[in-house]
Amino acid sequence: MKPYDAITPNGDGFNDVWNVLDIESYPEAVVQIFNRWGSLVHETGGLNYVAWDGTNEGKELPLGTYYYIIDLKTDDEPQSGPITIIR
């Protein structure tokens, strides 16, 4: 389950959000997204999962590269990698 690595949140209905596929199969999972300085900009998971739309507290984030950690809360190591906002 490797998520795609870019979103284009411009309201056209294509790649407007970053969605982790099959996350609902992991009710204890935690998904975190950080900016390049390591500040948390989005956290969600489990049964209350919300796809990331490139915002933090309702404000659009600037284009650039952000970093995710997906911890499924299983015996597997958490997944991590970059996610880019393209506007």
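Quick caveat: nothing in here was measured; it's all calculated off a predicted structure.

Participant: Quick one: what's the story with unusual backbone geometry, residue by residue and with numbers?
Facilitator: Phi is positive for N15, which is not a glycine, with a value near 55°. Tracing the backbone shows N15 in the loop between β1 (6–7) and β2 (30–34). For N15, a relative accessible area of 45% puts it in the partly exposed group. In this model, E57 sits at a positive phi of 55°, which is unusual for a non-glycine residue. Summarising the element assignment, E57 is placed in the loop between β4 (55–56) and β5 (59–60). The exposure class of E57 is exposed, given its relative accessible area of 76%.

Participant: Give me the nonpolar core: which residues, what numbers.
Facilitator: Membership of the largest hydrophobic core comes to 17 residues, with the highest contact counts inside it found for W18, I23, I33, W52, Y66, I70 and I83. Here the element with the most residues in this core is strand β6 (residues 64–71); it accounts for 3 residues. When sequence neighbours within four positions are dropped, the list of residues in contact with I83 reads Y4, D5, A6, I7, W18, I33, W52, G64, T65, Y66, Y67 and Y68.

Participant: Describe the pattern of salt bridges, listing the residues and the values that go with them.
Facilitator: One pass over the full model with this rule turns up 2 salt bridges. The partner of E60 in a salt bridge is R87, and the shortest N-O contact between them spans 3.8 Å. Of this pair, E60 sits in strand β5 while R87 is found in the segment after β7 (79–85), placing the two residues 27 residues apart along the sequence. Between D71 and K73 there is a salt bridge, with the nearest N and O atoms lying 3.5 Å from each other.

Participant: Break down the packing of aromatic side chains for me, with residues and values.
Facilitator: Applying the stated criterion across every chain yields a total of 2 aromatic pairs. Ring geometry for W18 against Y68: centres 5.0 Å apart, planes inclined by 40°, an arrangement best described as tilted. With W18 in the loop between β1 and β2 and Y68 in strand β6, this pair connects stretches of sequence that are 50 residues apart. Classification of Y68 by relative accessible area gives buried; the value is 4%. Measuring from ring centre to ring centre gives 5.6 Å for W52 and Y66, while their planes differ by 65°; the resulting arrangement is edge-to-face. Taken together, the residues W52 in the loop between β3 (40–44) and β4 and Y66 in strand β6 connect sequence positions 14 residues apart. Judged by its relative accessible area of 0%, W52 falls in the buried class. On the basis of relative accessible area, Y66 is assigned to the buried category, the value being 5%.

How each quantity is defined
Residues numbered from 1 in each chain as written. Predicted model: local features only at pLDDT ≥ 70, side-chain atom pairs only at ≥ 80, totals over all residues. Heavy atoms only, no water. Helix = DSSP H or I, 4+ residues; strand = E, 2+ residues; numbered from the N terminus. Buried < 20%, exposed > 50% of the residue type's maximum accessible area, 1.4 Å probe, protein only. Core = buried A, V, L, I, M, F, W, Y, C linked by side-chain atoms within 4.5 Å. Contact = heavy atoms within 4.5 Å. Salt bridge = Lys/Arg side-chain N within 4 Å of Asp/Glu carboxyl O. Phe/Tyr/Trp six-rings, centres within 6.5 Å; stacked < 30°, edge-to-face > 60°.

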